Amino acid sequence: MRPPDLAGSESTLFGDTVSAALADRADAIAKDPWLQTFPVAIVGRPAVADGVRLLVDDDGASVSLDTSDDRWYTLLAISGGRAVQVFGELGPEGLDPIATEPLSVQQIGAA
């Protein structure tokens, strides 16, 4: 996971895209082939496609959510359909969202 860019603008979000998170996990597996899960922070929206629960980032990339109903409904309630920062473990079955944080108005650049 990349640290936040402290010199960047105030609207810069801390959190990887889906593609960056997958690349970071692939790099970690290359270093440790026995690695199963990898901690990530991804900014995205919950969605469902063909009965599969997903987290979709602003680039349109998605990762399946490997989660319990309780965590899924909590993610839906916190997000309200908007982008949120999701902290979790990315594994072979997808992302297990452990914690969710709504984005502040300052983070999303809203007026």
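Residues numbered from 1 in each chain as written. Predicted model: local features only at pLDDT ≥ 70, side-chain atom pairs only at ≥ 80, totals over all residues. Heavy atoms only, no water.

Asker: Residues and numbers for the overall build of the chain, please.
Answerer: Regarding its fold elements, the chain presents three helices and five strands. In sequence order, the secondary structure elements of the chain are arranged as α-β-β-β-α-β-β-α. The burial tally for the chain puts 31% of its 111 residues in the buried class. Residue pairs in contact within the chain that sit at least 24 positions apart in sequence constitute 54% of those at least 6 positions apart. Carbon and sulfur atoms make up 54% of the accessible area of the chain, which totals about 6,600 Å². (Helix = DSSP H or I, 4+ residues; strand = E, 2+ residues; numbered from the N terminus. Buried < 20%, exposed > 50% of the residue type's maximum accessible area, 1.4 Å probe, protein only. Contact = heavy atoms within 4.5 Å. Areas by Shrake-Rupley, 256 points an atom, 1.4 Å probe, with all protein chains shown as cover.)

Asker: Requested: an account of unusual backbone geometry, with residues and values cited.
Answerer: Even without being glycine, Asp 50 reaches a positive phi, approximately 55°. Position of Asp 50 relative to the elements: it lies in the loop between strand 1 (38–49) and strand 2 (52–56).

Asker: Any chance you could break down the pairing of strand 4 (residues 84–91) for me, citing the residues and the numbers?
Answerer: The buried fraction of strand 4 is high, at six of eight residues. Summarising the sheet, strand 1 and strand 4 pair through seven bridges and their orientation is antiparallel. For Val 40, the partnering residue across the bridge sits in strand 4 and is Gly 88. As paired elements, strand 4 and strand 5 (residues 94–102) share eight bridges and run antiparallel to each other. Opposite Gly 88, over in strand 5, you have Pro 97 as the bridge partner. With antiparallel pairing between neighbouring strands as the criterion, strand 4 and strand 5 make up a hairpin whose turn holds two residues. (Pairing = 2+ DSSP bridges.)

Asker: Could you give an account of the sheet that holds strand 2, naming the residues involved and the relevant values?
Answerer: What the five strands build is an open sheet, ordered 3-2-1-4-5; its pairing is antiparallel. The open sheet has two edge strands with one neighbour each: strand 3 (62–64) and strand 5. Here the strands of the sheet are splayed against their neighbours by 50° on average, with no regard to which way each runs. Pairing between strand 2 and strand 3: three bridges, direction antiparallel. Within the sheet, the bridge partner assigned to Val 56 lies in strand 3 and is Ser 62. Relative to strand 1, helix 1 (residues 18–31) is tilted by about 140°, and along the sheet it contacts strand 1, strand 2, strand 3 and strand 4. (Axes fitted to C-alpha atoms, helices over the stretch in contact; angles between N-to-C directions.)

Asker: Describe in detail the environment of Gly 94, supporting the description with residues and values.
Answerer: Structurally, the position occupied by Gly 94 is in strand 5. Overall, Gly 94 belongs to the buried group, its relative accessible area being 9%. Taking the C-alpha atoms as reference points, Gly 94 and Leu 65, 29 residues apart in sequence, are found 5.3 Å from one another.

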